[in-house]
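# Working through the structure, step by step
This is what each chain is made of:
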Amino acid sequence: MSAAREHFGSRLGFILAAAGSAVGIGNLVAFPVAATKSGGGAFLLVYALFVFLICLPVMMAELALGRKSDKDPVGAYRQLSGGSHLWRIPGWFALITPFMIAVFYLVVTVWVLGYLIATLTGNLDLLAGGDYFGQFINSPIVFLYLVLMMLIINGILALGVKDGIERAAKTLMPMLFVMLLGLVIFVLTQENAMLGVKYYLIPDFSKLNAEVVNNAMAQAFFSLSLGMGIMITYGSYMKKRDSIAGSAKVVALTDTMVAFTAGLLILPTIFHFNPQIDPTELSDSSAGMIFLFLPKIFLALQDNVGYVGASAFAAVFFFLVLVAAVTSLVSIIEVPVATLCDERGMERKKAIYSIGAIQLVLAVACAMSFGMAGWLTEFMQVAGENKSFFDLVELIFYSTILPLNGLLVCLFVIYKWKRANFDRELQEGDSGFAGSLSQKYVNFSLGTFIPLILLLVFINTVAEKYF
Ligand code: PFF
């Protein structure tokens, strides 16, 4: 007999843990980069609409699945489908997806850790030099950092839901907010910062096209940690007396505010560095931004605050990204851990270490796919392009499967588990929900246009990236 399921101790604890999951590298870097390239305020508007009108109902659906079943995603689909074989498939998807996303995300997180350590040891000037990144990601120290990172995350998970996940979120999230605000305030007092703010906020609707809208949707979905089984699992640790809709709104709002604020950090910093810059020329990827471009900008701050000041600024930034990534990784690795415990009755620590060991091997393979091992570097041809093992994991599990998982959640909740059951779960701890506009909207949208939009995103990605 396994012990009673652990729950979060308080509503705030749940909100901080879920926000910890949602706030990640996606918010701090990918969002500002996307907003910069895609029409500033215009992108913000589209993004916010997607978060609140499309993603929020999906988050409620995932949380409700978890809380009702009191199970991991595999168990939730099994139980609430009444044992259907077909509906077991999305449960497995919601297990494999987080397992594999964690692997590539771990590698990027470890690079952030490496940059933090390099900055703290006085090497910001090296980071700002052109070839550091390529050398660093191919050096054996990455393996050491990977092990270290795994120990930190597994250490938090091993303490349990309340003493591990919740306590880490309660410590780390306020720290994250303070660091982010501190950096923004500092940057806004620098010369030319306002040019960046203007560039960021003034909408340029001419930049909006089908691709931008598609990316905004995918970004919003990823940013809220949807389609990864995370919210199902965290939902299963929620108390019955807490409102799902109310808590989900706070999580979505927090996540969006952090992404928005990160733009107020990144763009003014860029414009301070070079007021003539055309930010649309900047790197497309988050990795290019964090590891190649930002260190140069941070170093340039030394004209105002000296080398130590610039290094301190950079260190706080890398630490901020690291904290955001750690709380996200904790949530994503909790999914397979919960599954092993619930489905196989495995003891929690044993589950954590077994999963950690497999993920470590796969993460090492990802880390070696930037040149260290030729066969991993040129792992497979997709659409006539050589993809590394890392790229392939990212392509399949992040770009392709996430919207599909979201689509399956909507269809399952409305058409298999059924609206009335879903409604009943949303009304637990939230008597005002029944008959409200929110209820009507959530019920209608999840059964109609939300799955349709997710299907379009899925088809679009497949058409664009595989052929
Ligand atoms: N919401 C996270 C982000 O924006 O970075 C998404 C995520 C990624 C969650 C990876 C968890 C994770 F391990």
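As annotated in an unreviewed UniProt entry, the protein chain carries the name Neurotransmitter:Na+ symporter, NSS family and comes from Microbulbifer yueqingensis. The record held by UniProt for the protein chain lists under Subcellular location (unreviewed entry) the comment "Membrane".

## Some thoughts on the overall build of the protein chain
A count of helices and strands for the protein chain gives 20 helices and two strands. Whereas a compact globule of 467 residues would reach a radius of gyration of roughly 23 Å, the protein chain reaches 21 Å, a difference of no more than 12%. Considering only C-alpha atoms, the protein chain reaches an extent of 65 × 45 × 45 Å along its principal axes. Looking at the 467 residues of the protein chain, the share that counts as buried comes to 53%. Within the protein chain, contacts between residues at least 6 apart in sequence are counted, and of these 83% link residues at least 24 apart.

## A look at the site of the ligand
Taken together, 16 residues surround the ligand, and among them Gly24, Gly26, Tyr105, Ser328 and Ile332 come closest. Only α1 (11–22), α2 (25–37), α5 (88–120), α11 (210–223) and α15 (302–344) provide two or more residues apiece to the shell around the ligand. Among the elements that make up the shell around the ligand, the one with the highest residue count is α15 (four residues). Residue composition of the shell around the ligand, grouped by class: eight nonpolar, eight polar and no charged.

## Some words on the nonpolar core
One finds Cys55, Met59, Met60, Val112 and Val321 to be the most contacted residues of the largest nonpolar core, which totals 175 residues. Residues within four places of Val321 in sequence aside, it is in contact with Ile25, Leu28, Val112 and Ile290.

## Notes on the packing of α2 against α11
Any two packed helices are characterised by how steeply their axes cross, that is the angle between the axes, and by the distance between the axes. Where α2 meets α11, the closest approach of the two axes is 11 Å, and the angle between their N-to-C directions is 170°. By the angle between their axes, α2 is roughly antiparallel relative to α11. Residues Gly26, Asn27, Ala30, Phe31 and Ala34 of α2 lie in contact with α11, whose contacting residues are Asn215, Gln219, Phe222 and Ser223.

## With respect to the environment of Phe177
Examined against the element boundaries, Phe177 turns out to sit in helix α9 (residues 161–188). As for Phe177 and His7, which are separated by 170 residues in sequence, their C-alpha atoms are 25 Å apart.

## Description of unusual backbone geometry
For Asp70, which is not glycine, the phi torsion reads 60° and is therefore positive. In this structure, Asp70 sits in the loop between α3 (41–69) and α4 (73–80). In this structure, Ala383 is a non-glycine residue whose phi angle is positive, near 50°. Within the secondary structure layout, Ala383 lies in the loop between β1 (380–382) and β2 (385–387).

## Some words on the environment of Val442
With respect to the helices, strands and loops of the structure, Val442 is situated in helix α19 (residues 437–447). Linking Val442 and Gln359, residues 83 residues apart in sequence, is a C-alpha distance of 36 Å. If we skip the residues at most four places from it in the chain, Val442 touches Pro57 and Met60.

## Section: α3
The terminal C-alpha atoms of α3 lie 40 Å apart, and with 29 residues this matches the ideal 42 Å at 1.5 Å per residue to within 8%. In α3, a bend of some 45° at Cys55 exceeds every other bend along the element, and Pro57, a proline, comes one to four places later. Burial analysis of α3 places 22 of its 29 residues in the buried class, the great majority of the element. Of the residues flanking the end of α3, it is Asp70, one or two places downstream, whose phi is positive at about 60°.

## Examining the environment of Val326
Within the secondary structure layout, Val326 lies in helix α15. Residue classification places Val326 among the buried positions, given that 22 C-beta atoms sit within 10 Å. A sequence separation of 220 residues divides Val326 from Leu106, and the C-alpha atoms of the two residues are 8.8 Å apart.

Cut-offs applied
Residues numbered from 1 in each chain as written. Predicted model: local features only at pLDDT ≥ 70, side-chain atom pairs only at ≥ 80, totals over all residues. UniProt positions renumbered as here; feature names shortened; annotations may be inferred. Helix = DSSP H or I, 4+ residues; strand = E, 2+ residues; numbered from the N terminus. Rg over C-alpha atoms; globule rule 2.2 N^0.38 Å. Buried ≥ 20, exposed ≤ 12 C-beta atoms within 10 Å, placed from the backbone. Contact = placed C-beta atoms within 7 Å. Near = placed C-beta within 6 Å. Nonpolar A, V, L, I, M, F, W, Y, C, P; charged D, E, K, R; others polar. Core = buried A, V, L, I, M, F, W, Y, C linked by C-beta atoms within 7 Å. Axes fitted to C-alpha atoms, helices over the stretch in contact; angles between N-to-C directions. Parallel < 35°, antiparallel > 145°, perpendicular 65-115°, else oblique. Expected span 1.5 Å × (residues − 1). Bend = angle between axes of the 7 residues up to and from the residue.

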